[in-house]
Amino acid sequence: MSRSSRRIQQWKDTTIPRRPLLWLAAALLFTLPPMFGQLASWVPWLFLLALALKFWMEPRGYRLRSTILKLILAGLMLGAIFLSYATLKGIEPAVSFLAVLVSIKILEAHTAREFHAIVMMAWVLCLCGFLLSQDFAVAFCLFVAFALLIAALVQFHRGSSPGAFWVPLATTFKLLAQAAPVVVLLFLLFPRINTGLQLRIGDFHAAITGFSDRLSPGGIETLANSSEIAFRAEFPDNRTGPPGPKYWRGLVMWRCEGMEWRGPYSPKSISDSPRPYPASDKAIRQRITIAPHGLRWMFALDRPFGIPSGAVLARGNYMYSVRPIRKPRRYEVLSSIEPIDKELDAYERRQALQLPASITPAVRELAASWATHDSEPRAIVKSALQFFRTQGFRYSLSPGEYNKNDLEEFLFHRRTGFCEHYAASFAALMRLAGIPARVVVGYLGGEYNDFGGFFLVRQADTHAWCEVWIPENGWMRVDPTTAVAPDRAGQDLSSFLAGRVASGEMATGRSALLTRLARLALVNQVRSIWEALNYQWDTRVLGFDADVQDVLLTSLGLTNSGPLPLVVQVLIVISALLIIYASWMQWRTRRRVDRIQALYERYCQKLAHIGLQRDPWEGPVDFARRATQSLPNASKYVRQIAETYIALRYAPGPTVTSVDKFAKEINAFIAHM
């Protein structure tokens, strides 16, 4: 062999075959979704560029060879990561650096060892992707990536044998199916130390949420286009819940500063105070799964009284958690459809009538005119709502900027606002008229999912309304936004805005095609199914924490006496299952080997029938050589049968397909003879 031929042969031996490389590239593409959502934007694009360059370089024999160049690239990328995050600590910089290292490894890989190294690094990247996000879509992509990495290894070791596409997939599915029972058992029984699978690493306070202890002009309108999930709610006693608008109570604000309101700095608990409870037919039971937000706000249908453990009922009848909510939390709560408190103590009255000194005389005269005309509280409320309804006020997602002292500007000049503008101004006017009032911030409406039987409430559904004190009725809810936009109370915000866009009352930034697609029944049905799957993922998988595991163990008749005994029990059960599985596989293999031997004996009997007797000490090769000399017309069949018999007889685990193929060879030989 010439020197050039040896170089070509050496290059072929050290080059990664194209088919395994395709499987590997497909797997790496499925690791990208969590990167695009959580990492600096240049990291996933660099990853994609490395993959594209690999497919251009590999056929030409190019690769990143210089160690110095690789170190320089790694140093430059490390500096870029530091500039992007201003630190090298944390999960995001660490995953970014791992993605950069994988990108460099892709460009330099050319041997079998380096191919296996990339697969191992990609598996670690899958784990890191799950640390970045545990959404159902991300988990699905990472599972597909994990499976494709197995297929890449299977294809790499199969070489260029026939059935290159389906056989690696079939082998991967078999391996995953064999591992599935152990994975499910470990998931259900392995001790949960503190939480479920939901992991949130980073700053919770930077999360998109409509809640803080301050209501400022424009604070809620910024969430109008947010698709982030706030919580999901089920009604166990009535699938679709009570009729009428659904106001989800979150926080009560007492301190008025004009257009700005604040909640109490330290909520005062009233959980242990004696209070009258409504009759059972006036109570509404809800199961709520709240998304993690790192704060203490909890939500329930107006007005909660039967609260879950780990929660406190604060003055103003709203709930807050004893501990910050850092994982999906599922709880059950009872709410009353009627007011509970019938008395207003002196402290609450002072709080509910407090006003800032910055309110202008024009605003004070407006409120005083209503009280002068009719001092009865209901009449004053009616006059105020009529003022908002008839004086040209508009409901808008972009009303412009207001300051906390711009109450007169809003009421007499611009008259354009979102729900927080109307709630803040209405409550201030009620206090000016001598009626105790407060602002409630929560959510309004929610999208009902027919497949899952739950209401999906998003951050875009954040809403603010008022409560006024009516002596004979207690705290009564008044939503001044409905005086300007009557349809808002009966719909979630997205449906309300879609109706306004369809009627031409409001413009949308989306194209006409996207708007029409969003209205298609098929699109909405697919979206509902996907959201139902997300809900089951969040509640059944991510929400499977230590408390849920204790309930499961109790229902199975087991007691959780501590992590160590439970680990021992799980290991015993898994060992027993593995022994049973190994015994079953051994029995299946033995059956196939016995069948192979029976087929070979049938072949020998056929040769004996035509006068070619096999000696007891004669091996398959010697017997095949003698049979070939005696039967030159059947030499092809004889050699093939001998080779197949030796390969199957001494193989560690012959497959059903290979044994069936051997049976066809025997039958073909018998038919030929």
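Thresholds applied
- Residues numbered from 1 in each chain as written.
- Predicted model: local features only at pLDDT ≥ 70, side-chain atom pairs only at ≥ 80, totals over all residues.
- Heavy atoms only, no water.
- Helix = DSSP H or I, 4+ residues; strand = E, 2+ residues; numbered from the N terminus.
- Expected span 1.5 Å × (residues − 1).
- Buried < 20%, exposed > 50% of the residue type's maximum accessible area, 1.4 Å probe, protein only.
- Arc of directions from axis to C-beta.
- Contact = heavy atoms within 4.5 Å.
- Core = buried A, V, L, I, M, F, W, Y, C linked by side-chain atoms within 4.5 Å.
- Polar contact = N/O pair within 3.5 Å; in protein donor to acceptor, adjacent residues only side chain to side chain.
- Pairing = 2+ DSSP bridges.
- Phe/Tyr/Trp six-rings, centres within 6.5 Å; stacked < 30°, edge-to-face > 60°.
- Lys NZ or Arg CZ within 6 Å of the ring centre and 35° of its normal.

1. What about helix 11 (residues 361-373)?
Piece 1. Compared with the 18 Å implied by 1.5 Å per residue over 13 residues, the 18 Å span of helix 11 between its first and last C-alpha is a close match.
Piece 2. Val363, Leu366, Ala367 and Trp370 are the residues of helix 11 that are buried. Take helix 11 and look down its axis: the buried residues cluster within an arc of 85 degrees, on one side only. Turned more than 90 degrees away from the buried face of helix 11 sit Pro361, Glu365, Thr372 and His373, all of them exposed.
Piece 3. Those residues of helix 11 hidden inside the fold are in contact with helix 12 (377-390), helix 13 (407-414) and helix 14 (419-432).

2. So, the nonpolar core
Piece 1. Counting 86 residues, the largest nonpolar core has Phe231, Phe388, Leu411, Phe426 and Met430 as its most contacted members.
Piece 2. At ten residues, helix 14 tops the list of elements feeding residues into this core.
Piece 3. In this view, leucine 411 contacts Val363, Leu366, Phe387, Phe388, Phe393, Ser425 and Leu429; residues no more than four positions away in its chain are not counted.
Piece 4. One finds Trp23, Leu32, Ile106 and Val119 within the second-largest nonpolar core, a separate group that totals 38 residues.

3. Observations regarding the side chain of arginine 249
Piece 1. Residue placement: arginine 249 occurs in strand 3 (residues 247-253).
Piece 2. For arginine 249, a relative accessible area of 2% puts it in the buried group.
Piece 3. Reaching out from arginine 249, the side chain makes a polar contact with the backbone oxygen of glycine 316 at a distance of 2.8 Å.
Piece 4. At 2.7 Å, the side chain of arginine 249 forms a polar contact with the backbone oxygen of asparagine 317.

4. Some thoughts on the sheet that holds strand 1 (residues 214-215)
Consider a sheet: its strands pair through backbone hydrogen bonds, and that pairing is either parallel or antiparallel.
Piece 1. What the three strands build is an open sheet, ordered 1-5-4; its pairing is antiparallel. Of all the strands in the sheet, just strand 1 and strand 4 (255-256) have a single pairing partner and so form its edges.
Piece 2. With two bridges connecting them, strand 1 and strand 5 (residues 261-262) associate as antiparallel partners. Bridge pairing in strand 5 links arginine 214 to arginine 262.

5. A look at the packing of aromatic side chains
Piece 1. Tallied over the entire structure, the rule returns 29 aromatic pairs.
Piece 2. Ring centres of phenylalanine 393 and tyrosine 422 lie 6.1 Å apart, and the angle between their planes is 70 degrees; this geometry places the pair in the edge-to-face category. Placement of phenylalanine 393 in the loop between helix 12 and strand 12 (394-395) and of tyrosine 422 in helix 14 is noted, with a sequence separation of 29 residues between them.
Piece 3. Judged by relative accessible area, phenylalanine 393 falls into the buried class, the value being 9%.
Piece 4. With a centroid separation of 5.5 Å and 75 degrees between ring planes, the pair formed by tryptophan 469 and tryptophan 475 is classed as edge-to-face. Across the pair, exposure class does not vary: tryptophan 469 and tryptophan 475 are buried alike.
Piece 5. Among the aromatic residues, those joined into a cluster by ring pairs are Trp370, Phe387, Phe388, Phe393, Tyr402, Phe410, Tyr422 and Phe426.
Piece 6. Above the plane of the ring of tyrosine 402 lies arginine 414, whose end atom (NZ or CZ) is 3.9 Å from the centre.

6. Brief notes about unusual backbone geometry
Piece 1. In this chain, aspartate 302 is followed by arginine 303 through a cis amide linkage whose omega measures 0 degrees.
Piece 2. Tracing the backbone through its elements, the reader meets arginine 303 in the loop between strand 7 (300-301) and strand 8 (304-306).
Piece 3. Even without being a glycine, alanine 86 presents a positive backbone phi close to 60 degrees.
Piece 4. One non-glycine residue, arginine 415, adopts positive backbone phi at about 50 degrees.
Piece 5. Positionally, arginine 415 belongs in the loop between helix 13 and strand 13 (416-417).

7. Quick word on helix 18 (residues 521-542)
Piece 1. Its 22 residues give helix 18 an end-to-end C-alpha distance of 30 Å, which sits within 8% of 32 Å, the value for a rise of 1.5 Å per residue.
Piece 2. Every buried residue of helix 18 is listed here: Ser528, Glu531, Ala532, Asn534, Tyr535, Trp537, Asp538, Thr539 and Leu542.

8. Structural notes on the sheet that holds strand 14 (residues 437-444)
Piece 1. Pairing is antiparallel across the open sheet formed by five strands, whose spatial order is 7-3-14-17-18. Only two strands of the sheet have a single neighbouring strand rather than two, namely strand 7 and strand 18 (474-478).
Piece 2. Of the pairings in the sheet, the one linking strand 17 (residues 462-470) to strand 18 comprises five bridges and is antiparallel in character. The residue bridging glutamate 467 from the neighbouring strand is arginine 477, located in strand 18.

9. Observations concerning the pairing of strand 14
Piece 1. With eight of eight residues buried, strand 14 lies mostly within the body of the structure.
Piece 2. Where strand 3 meets strand 14, six bridges bridge the pair, whose relative direction is antiparallel. When the sheet's bridge partners are listed, tyrosine 247 is paired in strand 14 with leucine 444.

10. Points about the environment of alanine 122
Piece 1. Tracing the sequence through the fold places alanine 122 in helix 7 (residues 112-132).
Piece 2. Taking C-alpha positions, alanine 122 is 8.6 Å from alanine 145, a pair spaced 23 residues apart along the chain.

11. Some details on the side chain of serine 425
Piece 1. Its location among the elements puts serine 425 in helix 14.
Piece 2. Given the relative accessible area of 0%, serine 425 is considered buried.
Piece 3. At 2.8 Å, the side chain of serine 425 and the backbone oxygen of histidine 421 are in polar contact.
Piece 4. A distance of 3.2 Å separates a polar side-chain atom of serine 425 from the backbone oxygen of tyrosine 422.
Piece 5. For serine 425, the residues in contact, after removing those within four places along its chain, are Met259, Phe388, Leu407, Phe410 and Leu411.

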